[in-house]
Amino acid sequence: MLFKGVLTSISLAIAAVTTVVAVPVKKTLEVRDDEGGDQTNGLTDLVAWDTHTLKINGEPLFLFSGEFHYYRLPSPGLWTDIMEKFKALDYNGVSFYFFWGYHSPKKGVYDFTGIRDVQKAFDAAKNTGIHVISRAGPYINAELDSGGFPSWLAQMQSPARKYNPENNAASEEWLTEIDKYMVANQITKGGPIILNQVDNEFSYNTDPKYMEMLKAKFLKDGMEVPTIFNDAGPNGNFAKGPGSVDIYGWDQYPAGFDCSNPLAWPNNRSTTFRDFHERTNGDQPMAIYEFQGGAFDPWGGPGYPECYKMVNEQYAKVYYKNNYAQGVRIQSLYMTYGGTSWGGLPKPTVYTSYDYGAAISEPGLMTTKAYENKLQATFLHTVKPFLTTKHFDPESDKRDIILIDGLADVNTPTKFYIAQHQLTKSEDKDEFHINIKTTDGKFEIPRSSKLILNGRDAKILTTDYAFNSQHLVYSTSEIFTHQDVGSHDVIIVYAYENEEGEFAIKVKKDKSQVETDDDSVKSETSDGILQLTYKHPNGTTPVYISGGTEKELLILVAGYDSALRWWAPYTEEKKGERALIHGPYLVRSAKKDESTIAFTGDIDETTDIQVVLPDGVKFITWNGESVKLTKQDKHGIYTGTLEFKKPDIKFTDLTEATWKYKAASPETDPEFDDSEWVTADHLSTNSTTPYDTQPILYADDYGFHTGCLWFRGKFNGSSEITGFNITAHSGDASAWTAYLNNEYLGGFDVGNHAFTDLNGTKIKADGENVISLLLWTTGHEDDFSADENFKQARGFTQAELLGVYNQTIWSIDWKVQGNLGGEDLADPVRGPYNEGGLYGERNGWHLPGFPDDDWEDVNIPESKNRTGVSWYRTTFDVNIPDGYDVPMSLRYKDDTKTRYRTLLFVNGWNMGRYGNDLGPQTQYYLPKGILNTQGKNTLAIGVVAIDEAAQLGEVVLEPYKVLQAALPEVELVDSPGYDTRQQS
Ligand SMILES: *[C@@H]1O[C@H](CO)[C@@H](O)[C@H](O)[C@H]1NC(C)=O
Ligand SMILES: *[C@@H]1O[C@H](CO)[C@@H](O)[C@H](O)[C@H]1NC(C)=O
């Protein structure tokens, strides 16, 4: 995703590309309309496109996609859960970024097993019928450590994201590995991948030869689906010429990433996409491969609840519908499920939770925005003429206040009118009218009611639309979906509660009858048009029209809140057939046989439901159990109740648990044996960070890349030495502490500190002195601007003695230590981002089964202020019965803001970095699979005092929500214990 930067596009003189590649010839398959026919990349016809949309297996579709990162949910069983939720929200696409560093701890070493098994991610998408956009980078950004690059790449001398032998070899090494999976999972091989992205947001310091190299590599390895590029804004990079892709697109984050003032939207959304697209790649569908679906939040930020307010369902209405009005027909919402940047996954600016304020929250819960996205997606998949439109400028009133975009289908008379406030952030309530031209005449709509735009809303109004056996003249309510249920047709329309609506349908005779219980409904028929006016209820009102249309028509008029809870899952029986059900929190699937529809889904309380059953269907089941239905009327509407049975959930009260404590910074003791540590003796570096003194004290150069780092420096004492000058270099929210001969000297943010006037006090004049430095790092910078920023050092740029002038005589001998084994991971199962270099981590104190019997018994909250690094261990039980989804968390409760940081290990997995002095995150998600939800778990917390000592506050287990759920089976993730650890 985009790091918000100034979007100045840098155009480089494009050097002649000499790479020889067998470039496939694009071909035109057939001519469908006057705008050119279908195009392909010459490698496959299964994914084609025209000027409007993609065509998968020949079928045009709106690609309604969302971003999901398997590495941000380290429990493969839950990938299916998230894909089912995408499906339930009627997404037909998912975008996967593949994270090079997650699979490669060391040059030449790759791992695709366990939580890294990408095949399971493809299977989860495929089994739920979701198309995949694959985005393997090599650079991805995504607020990940080094923007997704492996840590070892920082030692490369040559620039990344550039055409040069060293970088080409590194990129090809990665692509060779990931392509094995991607090639086999393309649609051409029966898999879910339909599009393949080349690099990402490569919009600064671009290098077309590098892009050509990547394209050639994908081609050579067997990638056949069309290539795409995600430009960092509509700048035209790689749309044409060297490095260009099959279907160009861009990303866009109009609300930005500062959630601290969530209601302060920008004045205007983009109205220039259409012109830009026409100029840039008008022969391709308009594609936004990342559109803002939420926002990330930095250390010390306002927190995700504020991001939910900023990028809320109103934002989804206004901005996404504006995209459709502009012509976007491929849209991927970044993020749709954000998840967790566990361990050392994140780059420095962001903390552990990557909830992102996304449609599906970090613990997998529904939000209002998720339901809004479903309203839009289902409309886009239902109302096919919307796929093939041309823009026009309709006649309307209030044009200075209300913008109406007209979209006319090129194949049928259907036209759409998308209404929104000119001033995007307007909160005004405004009435407006549109002059429409239909095959049934010209009208100013609404004709006898009020059509309003109430603040931050946008509406897609449909006119002149033949659906099922009906002909809609116009509707001022928005359409959710419609369905032929046999004896009659059903359409669901909606607007905010109490807003008036008008629905006009063609009738053959002026004798049609309107049946409804709702007094607000008025009907009038003239010139073969039956017009209903009504007020949108708080709920859903059935209105039944008989005697005039070919088949009778049931109109379900819903208020907005009620519309959010209508679901229209495909029934899996007949292509395109949907079941209609109202009420549940989540409807995952529907399966129809002769007389029964079997629904699966989740509820959070006893839920009254309405279903509209097709002819012949008499029964429904919910998660396998039959539901007693009451027939409401003769139009197929039934009601029933899904009973929520309160489960018996048990989990340990951690304030009552027995905890074990052990002090854990022996490195500060001069007697500590560091003979096994790596000697820091490099005199040069490939890092971009300038150094002031030698040897180089950049941990990455010695193979240590993640988490806490220790540096120990020894020097011979002298009465001349007055102190030392140390400068730490690391990312946002990093901190370091310094000790001399076991004495605490201070804890600091990154930057310089001179320790002076220590002669005659702390510095021994005779014999050896030992400086111990502990650096709390927060990952590596990204490479958004392709400027090598990810090669910034983590360590110290300067370490010199004060008072002496000949630094070669009076030098400090340094040793460095990070995670056990460095790039040769001690724990390959949990991978390169799980462990850092704390004593407890190196010695497996975070692992299940570590023998802590001889540790001190303590209670949490701690009663003592403990110096240095402290470790706490306990076990806890969780019991969540089958049939329930109760996502769990661990929450820190400490209002002191004293300076300490913690690492939270559950069953050996580093599920969170906590900054008591930073915030905002206090609650950490423990996904099922990592967490044993039916048994015992091991909890270990490493506490790093930045002040001299720290007192750990209260720690509690807390469920986010209790759902009676059709959660797919989630196996426990392999969590090796202490007994399996390689002892060093
Ligand atoms: C710098 O890069 C060159 C070329 O990749 C490599 O040979 C050298 O070892 C690197 N230097 C360091 C200090 O990592
Ligand atoms: C709809 O009715 C429910 C239940 O009475 C109420 O809680 C809710 O606020 C109402 N919504 C609107 C938009 O009026």
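Predicted model only: the values in this text are computed from it and were never measured.

Participant: Looking at this structure, I do not really get the sheet that holds strand β6 (residues 63–68). What am I missing?
Facilitator: Strand pairs in the sheet, formed through backbone hydrogen bonds, run parallel or antiparallel to each other. Reading around the circumference, β6-β7-β8-β9-β10-β11-β12-β13 is the order of the eight strands in this closed barrel, with parallel pairing throughout. Mean inter-strand twist for the sheet, computed between neighbouring axes without regard to direction, equals 30 degrees. Across the sheet, helix α1 (residues 76–88) lies against β6, β7 (93–97) and β13 (328–337), angled at about 150 degrees from β6, the strand it touches most. Packed onto the sheet, helix α6 (residues 273–281) meets β11 (247–252) and β12 (286–292) and runs at close to 150 degrees relative to β11.

Participant: Would you mind showing me how to read the packing of helix α4 (residues 165–184) against helix α5 (residues 208–221) here?
Facilitator: Between two packed helices, what matters for the description is the angle formed by their axes and the separation of those axes. As a packed pair, α4 and α5 sit with axes 9 Å apart at the nearest point and diverge in direction by 35 degrees. In terms of crossing hand, the pair formed by α4 and α5 is right-handed. Residues N167, N168, S171, E172, L175, T176, D179, M182 and V183 of α4 lie in contact with α5, whose contacting residues are Y210, M213, L214, K217, F218 and D221. Within the contact of α4 with α5, the residues separate by chemical class into seven nonpolar, four polar and four charged.

Participant: So what exactly am I meant to see when it comes to the nonpolar core here?
Facilitator: Taken as a class, soluble globular proteins show a tendency for nonpolar side chains to be buried jointly. By size, the foremost hydrophobic cluster in this structure holds 235 residues, and its most contacted members are L54 and F68. When residues of this core are assigned to their parent elements, the largest contribution, seven residues, is made by helix α8 (residues 313–326). Residues in contact with F68, not counting those within four places in the same chain, are L73, W79, I82, M83, F86, V94, S95, F96, Y97, M335 and Y337. Within the second largest apolar cluster, 33 residues are counted, among which are A680, F715, A799 and V816.

Participant: So what exactly am I meant to see when it comes to the state of the cysteines here?
Facilitator: Linking two cysteines covalently via their sulfur atoms produces the bond known as a disulfide. Scanning all chains against the criterion turns up one disulfide. In this model C259 forms its disulfide with C307; the gap between the sulfur atoms is 2.1 Å. Between C259 and C307 the sulfur-sulfur dihedral comes to about 100 degrees; the bridge is accordingly right-handed. Here C259 is found in the loop between β11 and α6, whereas its partner C307 is found in helix α7 (residues 304–310), with 48 residues between them in sequence. By relative accessible area, which is 0% here, C307 ends up buried.

Participant: Even after reading the chapter, I still don't get the domain arrangement of the protein chain, so can you show me in this structure?
Facilitator: Interfaces are often described in size by the accessible area the parts lose on coming together. Each assigned domain of the protein chain is listed here: domain 1 (12–366), domain 2 (382–642), domain 3 (653–664 + 827–983) and domain 4 (683–800). Here the C-alpha centroids of domain 2 and domain 3 sit 49 Å apart. Across the boundary between the two partners, domain 2 contributes eight residues, which contact eight residues of domain 3. Counting the contacts that link domain 2 with domain 3 gives one salt bridge. A salt bridge links D604 to K961, with the shortest nitrogen-to-oxygen separation between them at 3.2 Å. The tally of links from domain 2 across to domain 3 stands at five residue pairs in polar contact (both at pLDDT 80 or more). Ranked by residue count, the leading element in the side of domain 2 that touches domain 3 is strand β35 (residues 596–602), at three residues. When the residues that make up the side of domain 2 that touches domain 3 are grouped by side-chain class, the tally is two nonpolar, three polar and three charged.

Participant: Hey, could you run me through the pattern of salt bridges in this one?
Facilitator: Any two side chains of opposite charge can pair if their charged atoms end up close together. Across all of its chains, the model carries 48 salt bridges by this definition. Residues D457 and K317 are paired through a salt bridge, measuring 3.0 Å at the closest nitrogen-oxygen approach. Of the two residues, D457 sits in the loop between β21 (452–454) and β22 (458–467) while K317 sits in helix α8, which places them 140 residues apart along the sequence. Side by side, D457 and K317 carry an identical accessibility label, which is buried. The closest approach of N and O atoms between D852 and R873, which form a salt bridge, is 2.8 Å. In this pair, D852 is assigned in the loop between α11 (839–842) and β53 (856–858) and R873 in strand β54 (residues 866–879), connecting sequence segments 21 residues apart. Side by side, D852 and R873 carry an identical accessibility label, which is buried.

Participant: Explain the site of ligand 1 to me, please; I cannot follow it from the model alone.
Facilitator: Close contacts around ligand 1 come from Q155, Q157, E166, H682, S684, T685 and N686, and that covers them all. Contact distances for ligand 1 include 3.5 Å between an oxygen atom and a backbone N or O atom of Q155. E166 places a polar side-chain atom, nitrogen or oxygen, 2.3 Å from an oxygen atom of ligand 1. Classifying every residue of the shell around ligand 1 by side-chain character gives no nonpolar, six polar and one charged. Two domains share the shell around ligand 1, each providing at least three of its residues, namely domain 1 (12–366) and domain 4 (683–800).

Participant: Could you clarify how one ought to interpret the side chain of D674 in this entry?
Facilitator: Relative to the assigned elements, D674 resides in the loop between β42 (659–663) and β43 (678–679). Of note is the side chain of D674, whose polar atom sits 2.7 Å from the side chain of R712. Sequence-distant contacts of D674, that is, excluding residues within four places in its chain, are made with R712, K714 and K815.

Participant: So what exactly am I meant to see when it comes to the environment of E835 here?
Facilitator: Mapped onto the secondary structure, E835 falls in the loop between β52 (813–817) and α11. Spatially, the C-alpha atom of E835 lies 48 Å from that of H52, the residues being 783 residues apart in sequence. Look past the residues within four positions of E835 in its chain and what remains in contact with it is T706, N819, D827, E841, H846 and R981. A polar side-chain atom of E835 sits 3.3 Å from a polar atom in the side chain of H846.

Participant: Which parts of the structure should I look at to understand helix α9 (residues 368–382)?
Facilitator: What sets the pattern is the α-helix's 3.6 residues per turn: residues three or four places apart point alike. Across its 15 residues, α9 extends 21 Å between first and last C-alpha, which sits within 8% of the 21 Å expected from 1.5 Å per residue. Counting buried positions along α9 gives 14 out of 15 residues, so the element sits mostly inside the fold.

Participant: Any chance you could explain the sheet that holds strand β23 (residues 470–475) here in plain terms?
Facilitator: Across the sheet, eight strands lie side by side as β14-β16-β17-β22-β23-β26-β29-β28; this open sheet has antiparallel pairing. Each end of this open sheet is capped by a strand with a single partner; those strands are β14 (389–392) and β28 (522–526). Direction aside, neighbouring strands of the sheet carry axes that sit 25 degrees apart on average. Relative to strand β29 (residues 529–535), strand β26 (residues 500–506) is paired through seven bridges, and the arrangement is antiparallel. Note on β29: the bridge partner recorded for A504 is Q531.

Participant: Is there a simple way to explain unusual backbone geometry in this structure?
Facilitator: Glycine aside, negative phi is the norm for most residues, and most peptide bonds take the trans geometry. At the junction of G137 and P138, the peptide bond is cis and its omega measures out at 10 degrees in the coordinates. Position of P138 among the secondary structure elements: in the loop between β8 (131–135) and α4. The omega angle of the peptide bond from I860 to P861 is 5 degrees, so this bond is cis rather than trans. Relative to the assigned elements, P861 resides in the loop between β53 and β54. In this model, D199 sits at a positive phi of 45 degrees, which is unusual for a non-glycine residue. Checked against the element boundaries, D199 lands in the loop between β9 (193–197) and α5.

Rules used throughout
- Residues numbered from 1 in each chain as written.
- Chains lettered and ligands numbered in written order.
- Predicted model: local features only at pLDDT ≥ 70, side-chain atom pairs only at ≥ 80, totals over all residues.
- Heavy atoms only, no water.
- Pairing = 2+ DSSP bridges.
- Helix = DSSP H or I, 4+ residues; strand = E, 2+ residues; numbered from the N terminus.
- Axes fitted to C-alpha atoms, helices over the stretch in contact; angles between N-to-C directions.
- Contact = heavy atoms within 4.5 Å.
- Left-handed = near helix turned anticlockwise from the far one by under 90°.
- Nonpolar A, V, L, I, M, F, W, Y, C, P; charged D, E, K, R; others polar.
- Core = buried A, V, L, I, M, F, W, Y, C linked by side-chain atoms within 4.5 Å.
- Buried < 20%, exposed > 50% of the residue type's maximum accessible area, 1.4 Å probe, protein only.
- Disulfide = S-S within 2.5 Å.
- Domains from an automatic or database assignment.
- Salt bridge = Lys/Arg side-chain N within 4 Å of Asp/Glu carboxyl O.
- Polar contact = N/O pair within 3.5 Å; in protein donor to acceptor, adjacent residues only side chain to side chain.
- Near = heavy atom within 4 Å.
- Expected span 1.5 Å × (residues − 1).

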